[in-house]
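Notes for the structure review
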Amino acid sequence: MDEKRITKFELFSELPEEQLEKLAGTVNEWSKDAGETLIKAGGSSHQLFAIEEGKVDVCDHGEPVASVGPGEVVGEIGVLKRGLRKATVEVAEDSKGFFLTNSQVEMLRRETDDFEDKLEKLTEERGH
């Protein structure tokens, strides 16, 4: 994957070159059609999803509470807090992007000085 795709996301924009290279060689891509489920509440939190195209809706008990689109991520709370998923994420428009696994996020938390702060700030901004 091209490193420039990763740095388009604020969460990853200031990663050192070494971490960018590691991620670019190991992240996986995803794509879902409108109407599909990306994340199911109550499931295990194994991935942080970056959205490059499309739109997804974060739902609480079936009701949309937020829309997330290009340049944003979902699933950050689960990978940060290591619990079960708190919300379901439904694909509102055909969408695609890439995802990081828990181990990739852990590597960034260990090896990048301000990554954990950025991740925590994002969860605070979203009210969690």
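Refer to the structure printed above.
In this report, the structure presented in the accompanying data block is examined.

So, how was this worked out
- Residues numbered from 1 in each chain as written.
- Predicted model: local features only at pLDDT ≥ 70, side-chain atom pairs only at ≥ 80, totals over all residues.
- Heavy atoms only, no water.
- Helix = DSSP H or I, 4+ residues; strand = E, 2+ residues; numbered from the N terminus.
- Polar contact = N/O pair within 3.5 Å; in protein donor to acceptor, adjacent residues only side chain to side chain.
- Contact = heavy atoms within 4.5 Å.
- Axes fitted to C-alpha atoms, helices over the stretch in contact; angles between N-to-C directions.
- Parallel < 35°, antiparallel > 145°, perpendicular 65-115°, else oblique.
- Nonpolar A, V, L, I, M, F, W, Y, C, P; charged D, E, K, R; others polar.

With respect to the side chain of Ser95
Its location among the elements puts Ser95 in strand S6 (residues 88–101). A polar contact is formed between the side chain of Ser95 and the backbone nitrogen of Lys55, at a distance of 3.1 Å. In contact with Ser95, not counting residues within four places along its chain, are Trp30, Ser31, Lys32, Glu53, Gly54, Lys55 and Val56.

Concerning the packing of helix H4 (residues 102–111) against helix H5 (residues 115–125)
In helix packing, the relevant descriptors are the interaxial angle and the interaxial distance, both defined with respect to the helix axes. The geometry of H4 relative to H5 is characterised by a closest axis approach of 7 Å and an angle of 120° between their N-to-C directions. Taken together, the axes of H4 and H5 are oblique relative to one another. Contacts from Val105, Leu108 and Arg109 of H4 reach H5 at Phe115, Glu116 and Leu119. Looking at the contact of H4 with H5 residue by residue, the class counts come to four nonpolar, no polar and two charged.

Remarks on the side chain of Thr112
For Thr112, the position within the fold is in the loop between H4 and H5. Among all residues touching Thr112, those that are not within four sequence positions of it are Leu15, Pro16 and Gln19.

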